[in-house]
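Chain residues, written in single-letter form:
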Amino acid sequence: MRINPILLYLSLVVFPVAGVFGIVRLGKRLRAPVSVGGVWRVDLSPRAPLTPACDGLDVSSHPLILTVSQSGPHLILTFGEDKRVELVGAIDGEVVSGKSSAPTTAMNREGRSPIHMQAVVERQSESDRLHGVLTFPNCAAHSELSFTATRERQADHEAQER
């Protein structure tokens, strides 16, 4: 059985080359999300202790540290040195949003409620900033806290750990 040389050429050369050009053309529209991964120093305002019903995020610690792990647009936002408060979120354009998982029975026993975060990334030449709000939906007092977070440079963070 003999294969027609023209069909062989089309299947082995032309179709694969056309496929590569098509993929490259489609990929020109793709944009990587803004990088927000790393360690951020969070300044809350007003700095007031939360009521016990909102506990879980210790705002009295100076400074409050936010660690962001990023994979594409998906984020894991971890607050505090003890990393007890973890939010799952995403970045869409310049907007970062995150939410703690639904409260479990253990969270309810501890008096913790779900935490929501909404922030906007401000790109700067020195260091990036996040301006946003932490929301504690099930709390009567201090249900929203505004914050500004500044990204720490890797060298600064390593020096502080020593």
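What comes next is a walk through the structure. (Residues numbered from 1 in each chain as written. Predicted model: local features only at pLDDT ≥ 70, side-chain atom pairs only at ≥ 80, totals over all residues. Heavy atoms only, no water.)

1. A closer look at the overall build of the protein
Link 1 in the chain: Helices and strands together make up the secondary structure of the protein, namely 3 helices and 8 strands.
Link 2 in the chain: Along the protein, from the amino end to the carboxyl end, the secondary structure elements read α-β-β-β-β-β-α-β-β-β-α.
Link 3 in the chain: With 162 residues in all, the protein has 31% of them scored as buried.
Link 4 in the chain: Look at the contacts in the protein between residues 6 or more apart in sequence, and 45% of them connect residues 24 or more apart.
Link 5 in the chain: Carbon and sulfur atoms form 57% of the exposed surface of the protein, whose accessible area is close to 10500 Å². (Helix = DSSP H or I, 4+ residues; strand = E, 2+ residues; numbered from the N terminus. Buried < 20%, exposed > 50% of the residue type's maximum accessible area, 1.4 Å probe, protein only. Contact = heavy atoms within 4.5 Å. Areas by Shrake-Rupley, 256 points an atom, 1.4 Å probe, with all protein chains shown as cover.)

2. Side note on the pattern of salt bridges
Link 1 in the chain: Following the criterion strictly, the structure yields 3 salt bridges and no others.
Link 2 in the chain: Between arginine 123 and aspartate 128 there is a salt bridge, with its nearest N and O atoms 3.5 Å apart.
Link 3 in the chain: Since its relative accessible area comes to 48%, arginine 123 is described here as partly exposed. (Salt bridge = Lys/Arg side-chain N within 4 Å of Asp/Glu carboxyl O.)

3. Quick notes on the sheet that holds strand S3 (residues 74–79)
Link 1 in the chain: Pairing within the closed barrel is antiparallel, and its 8 strands lie in the order S1-S2-S3-S4-S5-S6-S7-S8. Each adjacent strand pair in this sheet contributes to an overall mean axis angle of 30°, direction not counted.
Link 2 in the chain: Note: strand S7 (residues 129–135) against strand S8 (residues 144–151), 7 bridges, orientation antiparallel. Bridged to leucine 130 within S8 is alanine 149. (Pairing = 2+ DSSP bridges. Axes fitted to C-alpha atoms, helices over the stretch in contact; angles between N-to-C directions.)

Fair warning: the whole summary comes from geometry, so function is off the table for now.
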